[in-house]
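Listed here are the chains, written in short residue letters.
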Amino acid sequence: MIQHLSGQGKKTAGIVLRDARELALMREAGRIVAKVHEAMRQAVRPGVSTAELDAIAEDVIRSHDAVPTFLGYRGFPATICTSINDEIVHGIPSPRRFLKEGDIISIDVGATYHGWVGDSAWTYPVGEISQDAQALLEATEGALWAGIEQARSGNRLGDISAAIQAYVESRGFAIIREYGGHGVGRQMHEPPRILNYGRSGTGMRLRPGMTFALEPMVAAGHWLTNVDADGWTVRTQDGSLSAHFEHTLAVTDGDPMIMTIL
Ligand code: MG
Ligand code: MG
């Protein structure tokens, strides 16, 4: 994925530190992303197509004076990524792909507002799901919150990675290794790469004004992945279920500032 910086803010360890005005704009971008997820939560049900979900998401973004960040990104053809069951990330919405009772669907979406990006993913149950699927969702969302809790000034990047990994593995699930979180701001993908596994006390020191997207991706089975012939859809090699939760946030002097909530 593209990893380059733009804009001229203050930097530390090569990472741009955003000021209060910039964080306020990122918060607006994030709020729009959260509104998309609110709409997705209501629209996800058996029988809906992933293309219908995509159209709803695009409407929400454009009606808030924002632009779908994913659309056209490295040629991606849609506003959202829709990844069902053993699909982990980057699934492409289709008018021929319908949700079924018992599926889980991960929806990832970005919105760019006045040049600032919000990026967030959530995995939704379709109707009633199995207890195993429910446990996977809870482990993955819990890992996201465990990572966010570590996103504090003075901590190190590895503290986030280690917290996410420990949360997931203690529940018997596997962290996807080949994809991870990232810096976010003017671009969807900026430095640093944020691994979802690692050692606490290692890596870059966190400072107020750093803006990250944390996004654990978790498999119920093994973490090895394949990419489909479409060049996008990533799925587990062993066919096991996968979940994905993501928020955009800023490190502050106090608690992390979560951008992608209402
Ligand atoms: Mg995302
Ligand atoms: Mg992301």
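Residues numbered from 1 in each chain as written. Chains lettered and ligands numbered in written order. Predicted model: local features only at pLDDT ≥ 70, side-chain atom pairs only at ≥ 80, totals over all residues. Heavy atoms only, no water.

**Description of the coordination of the magnesium ion (ligand 2)**
Working reference: metal with six octahedral donors, ideal angles 90 or 180 degrees; metal with four tetrahedral donors, ideal angle 109.5 degrees.
Okay, step 1: Coordination of the magnesium ion (ligand 2) by the protein involves D119 (OD), H182 (NE2), E215 (OE) and E246 (OE), with metal-donor separations of 2.1 to 2.2 Å.
Okay, step 2: Mapped onto the sequence, the residues coordinating the magnesium ion (ligand 2) show the spacing D-x62-H-x32-E-x30-E.
Okay, step 3: Between the magnesium ion (ligand 2) and the magnesium ion (ligand 1), both coordinated by D119, there is a metal-metal distance of 3.1 Å. Of the two residues, D119 sits in strand β7 (residues 116-125) while H182 sits in strand β9 (residues 181-183), which places them 63 residues apart along the sequence.
Okay, step 4: You can call D119 buried: its relative accessible area is 2%.
Okay, step 5: The class for H182 is buried, based on a relative accessible area of 3%. (Donors = N, O, S within 2.8 Å, 3.2 Å for Na, K, Ca; no water. Helix = DSSP H or I, 4+ residues; strand = E, 2+ residues; numbered from the N terminus. Buried < 20%, exposed > 50% of the residue type's maximum accessible area, 1.4 Å probe, protein only.)

**Regarding the pairing of strand β11 (residues 211-214)**
Okay, step 1: Of the two faces of β11, the one holding T211 and A213 and the one holding F212 and L214 are both buried throughout.
Okay, step 2: By the bridge criterion, four bridges tie β11 to strand β16 (residues 247-250) in an arrangement that is antiparallel. Paired with F212 across the two strands is L249, which belongs to β16. (Pairing = 2+ DSSP bridges.)

**Comments concerning the packing of aromatic side chains**
Okay, step 1: A complete count under the given rule lists two aromatic pairs for this structure.
Okay, step 2: When the ring of F76 is compared with that of W232, the centres are 5.0 Å apart and the planes differ by 85°; the resulting orientation is edge-to-face. Note that F76 is positioned in the loop between β3 (67-68) and β4 (80-84) and W232 in the loop between β13 (225-227) and β14 (234-236), a separation of 156 residues in sequence.
Okay, step 3: Their ring planes at 75° and their centres at 4.8 Å tell us that W122 and F245 sit as a pair that is edge-to-face. With W122 in strand β7 and F245 in the loop between β15 (242-244) and β16, this pair connects stretches of sequence that are 123 residues apart.
Okay, step 4: Against the face of Y167 rests R171, its NZ or CZ located 3.6 Å from the ring centre.
Okay, step 5: The ring of Y197 carries the charged tip of R177 above its face, separated from the ring centre by 4.8 Å. (Phe/Tyr/Trp six-rings, centres within 6.5 Å; stacked < 30°, edge-to-face > 60°. Lys NZ or Arg CZ within 6 Å of the ring centre and 35° of its normal.)

**Quick look at the side chain of E190**
Okay, step 1: Within the secondary structure, E190 is located in strand β10 (residues 190-194).
Okay, step 2: When its relative accessible area of 2% is taken as the criterion, E190 is described as buried.
Okay, step 3: Among the polar contacts made by the side chain of E190, one reaches the side chain of R18 at a distance of 3.0 Å.
Okay, step 4: From its side chain, E190 meets the backbone nitrogen of Q187 in a polar contact 2.9 Å long. (Polar contact = N/O pair within 3.5 Å; in protein donor to acceptor, adjacent residues only side chain to side chain.)

**Describing the environment of L249**
Okay, step 1: With respect to the secondary-structure elements, L249 resides in strand β16.
Okay, step 2: Through-space distance from the C-alpha of L249 to that of R186 is 14 Å; in sequence the pair is 63 residues apart.
Okay, step 3: With residues up to four places along the chain from it excluded, the contact list for L249 reads I148, A151, M210, T211, F212, L214, M257, I258 and M259. (Contact = heavy atoms within 4.5 Å.)

**Some remarks on the environment of Y124**
Okay, step 1: With respect to the helices, strands and loops of the structure, Y124 is situated in strand β7.
Okay, step 2: For the pair formed by Y124 and L99, sequence separation is 25 residues and the distance between their alpha carbons is 11 Å.
Okay, step 3: Filtering out sequence-adjacent residues up to four positions away, Y124 remains in contact with H37, M40, R41, V44, D103, I104, I105 and I107.
Okay, step 4: Within the local environment of Y124, its side chain forms a polar contact with the side chain of H37, the two groups lying 2.7 Å apart.

**Describing the confidence of the model for the protein**
Okay, step 1: For the protein, the mean per-residue pLDDT works out to 96, and 97% of the residues sit at or above 70.
Okay, step 2: Ranking the helices and strands of the protein by mean pLDDT puts helix α2 (residues 50-63) first, with 99, and strand β1 (residues 10-12) last, with 77.
Okay, step 3: Note on residues 1-7: pLDDT under 50 across the span, and 23 contacts to partners over four residues away in sequence or across chains. (pLDDT = per-residue confidence, 0-100.)

**Describing the pattern of salt bridges**
Okay, step 1: On inspection of all chains with the given rule, the structure shows 11 salt bridges.
Okay, step 2: E190 is the salt-bridge partner of R18, the closest N and O atoms lying 3.0 Å from each other. Of this pair, R18 sits in the loop between β2 (15-17) and α1 (20-43) while E190 sits in strand β10, and the two are 172 residues apart along the sequence. For the pair R18 and E190, a shared accessibility class is recorded, and that class is buried.
Okay, step 3: Between R235 and D86 there is a salt bridge, with the nearest N and O atoms lying 3.1 Å from each other. In this pair, R235 sits in strand β14 while D86 sits in the loop between β4 and β5 (87-89), placing the two residues 149 residues apart along the sequence.
Okay, step 4: We classify R235 as partly exposed; its relative accessible area is 22%.
Okay, step 5: Given a relative accessible area of 17%, D86 falls into the buried group.
Okay, step 6: It is possible to trace a salt-bridge network through shared partners that takes in D86, E87, R97, D228 and R235. (Salt bridge = Lys/Arg side-chain N within 4 Å of Asp/Glu carboxyl O.)

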